[in-house]
Amino acid sequence: MTATGVLPSQALATMIERGEITAEPAVIPEQIQPASLDLRLGTVAYRVRASFLAGHGANVTDRLKEFEMHSVDLTEGAVLEKGCVYVVPLMESLALPEGIQAVANAKSSTGRLDLLTRTITDGGTEFDRIPAGYNGPLFAEICPRSFSVLVRPGMRLNQIRFRAGQAVIEDDALAALHAKTPLVSGKAVISDGLGFSVDLSAGENGLVGYRAKPHTGVIDLDLIGHYDPAEYWEPIYTTEQRIILDPGAFYILVSREAVHIPPDCAAEMAPYLAMVGEFRVHYAGFFDPGFGHDPAGGAGSRGVLEVRCHEAPFVLEHGQVVGRLVYEKMSEVPDQLYGLGIASNYQGQGLKLSKHFK
């Protein structure tokens, strides 16, 4: 019987051995993260007229016949155009046992490129939510919002996390955990998770963030530390501890607080529930056990915020609460922690663009 909580890396390895997670070609060790599994793109992308869910009793392949415009062979690499919607069959499939459900999310680097990536399933009625007992294929819906991107089979844009039972740590327990092991620098704002605010205090040079340029070149997702940020991003400076968000623009900002995820916990970034303004903080990633954890080389890591303004210009001010971290308990401590002996690009981070930029 699996203990209640998010399943760690060693449990994912067991699921692969039991055939509950299968793939063609087989899953490679690099896909297994402390509390999630990276998912890989297959060999074809279907350009569709609109985003869709399969719905009860229907499968994605049949619905593609309704919405497909054309297919794109990814074998030698292909560009997914900004503003278009694509559905890509993934290499991984699931045969979940009853009692094990899953949730998917975009990886951090995916979110920082404003690359909207969601997981859909046969019979699915929600994005990124996979019910217990699901048996079938997985698909990624990809919509590049700011930059066109070059992709190839095997690229890992999203990830999946598995859980047994109710894993969310309620507010009272979260407050007790924070008192024992501080989860955030400064005062903890706990309400349906741990609130975090935006840092617009600016350092010596006044830099507080970046705004995506509207007309740029293609980004090859295989190239790490390659691109000049100035060709894709406009730096944002302020001396007033506030900025005005432009409707439709995409911003990279940073949280004021340093975040800590203990080894026996995981977390997910979620939108702040209060109506705090005409903008949305994208929630691209899972926070793995060990993120910002001192023994794992973190010493507190700040959360990078992916922000898009909606209908009207909006004044965003230093210290404004913009999002929350929902903490979950692990079923057991993973055999590897974020940043400790694995390739972790964002441990100990501050304001940071995706790994593709110099």
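Provided above is the structure to which this section pertains.
Residues numbered from 1 in each chain as written. Predicted model: local features only at pLDDT ≥ 70, side-chain atom pairs only at ≥ 80, totals over all residues. Heavy atoms only, no water.

S.K.: What am I meant to see in the overall build of the protein here?
M.R.: A count of helices and strands for the protein gives four helices and 26 strands. Here the protein has a C-alpha radius of gyration of 20 Å; the compact-globule value for 358 residues is 21 Å, and the two agree. Seen through its principal axes, the protein has C-alpha atoms that stretch 55 × 50 × 35 Å. Out of the 358 residues belonging to the protein, those deemed buried represent 53%. (Helix = DSSP H or I, 4+ residues; strand = E, 2+ residues; numbered from the N terminus. Rg over C-alpha atoms; globule rule 2.2 N^0.38 Å. Buried < 20%, exposed > 50% of the residue type's maximum accessible area, 1.4 Å probe, protein only.)

S.K.: What exactly am I supposed to notice about the pattern of salt bridges here?
M.R.: Pairs may arise between side chains of opposite charge once their charged atoms sit close together. Inspection of the entire model under this criterion finds 18 salt bridges. A salt bridge links R18 to E20, with the shortest nitrogen-to-oxygen separation between them at 3.0 Å. A salt bridge links E257 to R256, with the nearest nitrogen and oxygen atoms 3.8 Å apart. Overall, the relative accessible area of 8% leaves E257 in the buried class. What makes R256 partly exposed here is its relative accessible area of 42%. Salt bridges sharing partners connect three or more residues here, namely R161, R163, D288 and E328. (Salt bridge = Lys/Arg side-chain N within 4 Å of Asp/Glu carboxyl O.)

S.K.: What is the right way to read the pairing of strand β26 (residues 321-329) from this model?
M.R.: The side chains of a regular strand alternate between both faces of the sheet. Where burial is concerned, most of β26 is hidden: seven out of the nine residues are buried. Judged from the four bridges that link them, strand β15 (residues 194-197) and β26 form a sheet pairing that is antiparallel. Directly across from S197, in β26, lies its bridge partner V321. (Pairing = 2+ DSSP bridges.)

S.K.: Looking at this structure, I do not really get helix α1 (residues 9-17). What am I missing?
M.R.: Within an α-helix, residues lying three or four positions from one another point in the same direction, as the helix has 3.6 residues per turn. Buried within α1 are the following residues: S9, A11, L12 and M15. On an axial view of α1, the arc spanned by its buried residues comes to 160°, and they lie on one face. For α1, the secondary structure elements touched by its buried residues are β2 (21-23), β3 (37-40), β8 (100-106) and β13 (156-164). Phi for G19, located one or two positions after α1, is positive at around 80°. (Arc of directions from axis to C-beta. Contact = heavy atoms within 4.5 Å.)

S.K.: Mind showing me how you'd approach the sheet that holds strand β17 (residues 219-220) here?
M.R.: Note on sheets: strands pair through backbone hydrogen bonds, and any given pair is parallel or antiparallel. Spatial strand order, β6-β12-β17: three strands in an open sheet with mixed pairing. Across the chains shown, the open sheet's two edge strands, defined by having one partner strand only, are β6 (78-80) and β17. In this sheet, strand β12 (residues 149-151) lies alongside β6 in antiparallel orientation, the contact comprising three bridges. Along β12, the bridge assignment pairs L80 with V149.

S.K.: Just to check I follow, could you spell out empty space enclosed by the protein for this structure?
M.R.: The method is simple in principle: a probe with the dimensions of a water molecule rolls over the atoms, and the space it marks as empty is what remains. Within this structure, the stated rule accounts for one cavity of 30 Å³ or more. In this structure, the largest cavity is lined by F196, S255, V259, M269, F287, G303 and L325. Taken together, the residues of the lining of the largest cavity sort by class into five nonpolar, two polar and no charged. (1 Å grid on protein atoms, 1.4 Å probe; cavity = no way out; pocket = protein on both sides within 12 Å on 5 of 7 lines; lining within 4 Å. Points joined across faces, edges and corners; volume = space filled by probe spheres on them. Nonpolar A, V, L, I, M, F, W, Y, C, P; charged D, E, K, R; others polar.)

S.K.: Any chance you could explain the packing of aromatic side chains here in plain terms?
M.R.: Both the distance between ring centres and the angle between the ring planes are used here to describe each pair of aromatic rings. In total, this model carries nine aromatic pairs according to the counting rule given. Ring centres of Y227 and Y232 lie 5.4 Å apart, and the angle between their planes is 75°; on these two criteria the pair is classed as edge-to-face. In this pair, the class of Y227 matches that of Y232, namely buried. Taking 4.9 Å as the distance between ring centres and 85° as the angle between the ring planes, the aromatic pair formed by F287 and F291 counts as edge-to-face. One exposure class covers both F287 and F291, and it is buried. Members of the aromatic cluster, connected to one another through ring pairs, are F147, Y227, Y232, W233, F250 and F357. Over the ring of F127 we find R118, and its NZ or CZ is 3.6 Å from the ring centre. (Phe/Tyr/Trp six-rings, centres within 6.5 Å; stacked < 30°, edge-to-face > 60°. Lys NZ or Arg CZ within 6 Å of the ring centre and 35° of its normal.)

S.K.: Looking at this structure, how should I read helix α4 (residues 171-180)?
M.R.: Residues L174, L177 and H178 constitute the buried set of α4. Each buried residue of α4 sits inside an arc of 100° when the element is viewed along its axis, so together they form one side. Opposite its buried face, α4 presents the exposed residues D172, A179 and K180, each directed more than 90 degrees away.

S.K.: When you look at the nonpolar core in this model, what are you seeing that I'm missing?
M.R.: Nonpolar side chains in soluble globular proteins tend to be buried together. By size, the foremost hydrophobic cluster in this structure holds 51 residues, and its most contacted members are I160, F162 and W233. Contact partners of I160, with chain neighbours within four places excluded, come to S36, L37, L39, L94, A102, V103, A104, I130, L138 and F286. Counting residues in each nonpolar core, the second largest holds 34 residues, with I169, V208, A249 and F287 among its members. (Core = buried A, V, L, I, M, F, W, Y, C linked by side-chain atoms within 4.5 Å.)

S.K.: Would you mind showing me how to read the environment of F357 here?
M.R.: Looking at the secondary structure, you find F357 in the segment after β26. A relative accessible area of 7% places F357 in the buried class. Each C-alpha atom, one on F357 and one on A230, is 9.6 Å from the other, the two residues being 127 residues apart in sequence. Look past the residues within four positions of F357 in its chain and what remains in contact with it is L113, I219, G225, H226, Y227, D228, P229, Y232 and W233.

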